[in-house]
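What follows is the residue order along each chain.
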Amino acid sequence: MSGISDIYAQQVLQSGTVIRNAEISRHRDSVTVSMQMDVTDTRIKSGGSLILAPRLSGADGKGSAYVPPVELMGRKRRIYLQRNPETAYTSDEMYRVIEKKRKEKQLVEYTVTLPYAAWMDHSRLQIVEDLCGCGKVESGNLNELTQADLSFRPRLAYVVPEAEPIKTRELSGKAFLDFRVNRTEIDPSYRQNPVELKRILASIDTVRNDKDFTVTEITIKGYASPEGSYAANKRLAEGRTEALKKYIVDKYGFDKSVIRVESESENWQGLVEYVSASNLNDKEQILDFIENGPSDIDQKEKQMRAKFPASYNVLLNDCYPGLRRTDYRIDYVIRSFKLEEAKALVKTAPQRLSLEEMFAVAQTYEPGSEDFNQVFDVAVKMYPDDETANINAANALLEQGRAEEALKYLDKVKNSTPEAANARGVAYILLKDYEKAERYIGKALEEHLEEAAHNMEFLK
């Protein structure tokens, strides 16, 4: 991967040396410095030498790396060094030591690979001429060759959510109304009924009084507890559920067709859940009896009371009252919002927006900006199980380099989509697990995802 932002095709140095195609490039965790040194016309005395010393440093001055120099020497200087090797100038650290030939084309193809460091993301390559060959750099001989941006900038594929023409939502709850023995009429003032009815009405008012909402259906399901005969419990469950329906219709004037009623004569499932979570000494035996006891419901309840008298009394007092409950669900539709409305609602009431509306808001911001990232963070909180929301939230985190957090969202994406594969590949690039990165980016490439092609360039 090359992040070059500025290459000078050719630089003629004071000595006559020509530098061509200077380049700083990155591949995974390695950085390569390369250039061509044309010393054909370099001016140098036979008894002298010239040191060409590249310098790689951070553009902001925060880092630097040693890059070996090239020494060019005249014929007499070479002969002298052969006889007096102890006078050589750092010959063991040289990239190359060459003798200048007269009337002969001489090119040095210079390539050095260094381990990547973060400061290299914004780096510059310079070259210094030591015209005397003595290690003393003259201030006028510092030459700028090129600058580079080597930071990995992934390309991420955001997924456009499917349109939601009708935004259907629901609000649900449970109420525990008190009825007099064997009666089905609701007395609003009886025992805890004022509190329980207030809870139901508050839920309905939340939807009904909002100009953006339209109630489409209210479902009421009543439960009775298992004690007594099944026939009696069936009558009570149905009658009490119908009583609540009538109460709501009278209160709000809803058409009866808006309210749907269901009932469950005996709440055995609730009983099983309570016993399973209890500390009853014989709870395992009770659970086994409920599952494998008589198929006749009345016989099962009668025998259970006889077999486990102590526990049955506990259940009768502590469990059964909670089994006599009413579940309710209010289904409603939320209207669609214009873009400017949606931009405000993302921050104040995001639950009113569809994923499609949130995505449209995100497109008004610069990718990677704080507002852009915030929209996708809010979207996945509102729709935590939606795969599109999770892919887009992961992408927004990857824009910030937060790979480990992004992978947690991607773990919730079960379908193998090219966008998710590309995001996983980018995450592993950032985590420097290049084997996994190449595998996932490759999967996205198989699906001809354009963004994956760019990311794969970094891995080549």
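To start, this report covers the structure provided alongside it. If you're wondering where the values come from, they're calculated on a predicted model, not measured in any experiment.

Positive phi, close to 55°, is recorded for R28, a residue that is not glycine. Among the secondary structure elements, R28 is positioned in the loop between β3 (18-27) and β4 (30-38). The phi angle at K432 is positive, at roughly 65°, despite the residue not being glycine. Considering the arrangement of structural elements, one finds K432 in the loop between α13 (418-430) and α14 (434-446).

Glancing now at the pattern of salt bridges. In this structure the tally under the stated criterion is 30 salt bridges. Notably, a salt bridge pairs R153 with D149, separated by 2.5 Å at the nearest N-O pair. By relative accessible area, which is 47% here, R153 ends up partly exposed. Across the salt bridge formed by R183 and E185, the nearest N and O atoms sit 3.1 Å from each other. R183 gets classed as partly exposed once you look at its relative accessible area, which sits at 43%. Connected through shared salt-bridge partners, D210, K211, D212, R335, E341 and R352 make up one network.

Within the fold, S123 resides in strand β10 (residues 122-130). Note on S123: relative accessible area 1%, which makes it buried. A polar contact is formed between the side chain of S123 and the backbone oxygen of M120, at a distance of 3.0 Å. Once residues within four sequence positions are removed from consideration, S123 is found in contact with I24, L56, S57, G58, A59, Q147, A148 and L150.

It is worth spelling out the environment of D41 at this point. Relative to the elements of secondary structure, D41 occurs in the loop between β4 and β5 (49-58). D41 sits in the exposed class, given a relative accessible area of 57%. Separated by 25 residues in the primary sequence, D41 and G16 place their C-alpha atoms 5.6 Å from one another. Contact partners of D41, with chain neighbours within four places excluded, come to S15 and G16.

By way of backbone hydrogen bonds, the strands of a sheet pair with one another, either parallel or antiparallel. Across the sheet, four strands lie side by side as β2-β3-β4-β9; this open sheet has antiparallel pairing. Edge positions in the sheet fall to β2 (10-12) and β9 (107-115), since each of these pairs with one other strand and no more. Looking at each pair of strands side by side, their axes are set apart by 25° on average, direction ignored.

Moving on to the packing of aromatic side chains. Within the structure shown, the criterion is met by eleven aromatic pairs. Here the aromatic rings of F289 and F308 are separated by 6.1 Å at their centres, their planes lie at 70°, and the arrangement is edge-to-face. Highlighted residues: F289 in helix α5 (residues 283-292) and F308 in the loop between α6 (297-307) and α7 (309-323), separated in sequence by 19 residues. As far as burial versus exposure is concerned, F289 and F308 are alike and both buried. On the basis of an interplanar angle of 10° and a centroid distance of 5.8 Å, the ring pair of Y428 and Y440 is categorised as stacked. Of this pair, Y428 sits in helix α13 while Y440 sits in helix α14, placing them twelve residues apart in sequence. Owing to a relative accessible area of 15%, Y428 belongs among the buried residues under this scheme. Linked through ring pairs, Y158, F359, F372 and F376 together constitute an aromatic cluster. For the cation-ring pair, K300 lies above W268, with the distance from its terminal atom to the ring centre recorded as 5.8 Å. One residue, R325, lies across the ring of Y223, its end atom 4.5 Å from the ring centre.

Let's shift gears to helix α15 (residues 450-459). Within the sequence span of α15, burial applies to A452, N455, M456, F458 and L459. Burial along α15 is one-sided: seen end-on, the buried residues are contained in an arc of 140°.

What counts as what
- Residues numbered from 1 in each chain as written.
- Predicted model: local features only at pLDDT ≥ 70, side-chain atom pairs only at ≥ 80, totals over all residues.
- Heavy atoms only, no water.
- Helix = DSSP H or I, 4+ residues; strand = E, 2+ residues; numbered from the N terminus.
- Salt bridge = Lys/Arg side-chain N within 4 Å of Asp/Glu carboxyl O.
- Buried < 20%, exposed > 50% of the residue type's maximum accessible area, 1.4 Å probe, protein only.
- Polar contact = N/O pair within 3.5 Å; in protein donor to acceptor, adjacent residues only side chain to side chain.
- Contact = heavy atoms within 4.5 Å.
- Pairing = 2+ DSSP bridges.
- Axes fitted to C-alpha atoms, helices over the stretch in contact; angles between N-to-C directions.
- Phe/Tyr/Trp six-rings, centres within 6.5 Å; stacked < 30°, edge-to-face > 60°.
- Lys NZ or Arg CZ within 6 Å of the ring centre and 35° of its normal.
- Arc of directions from axis to C-beta.

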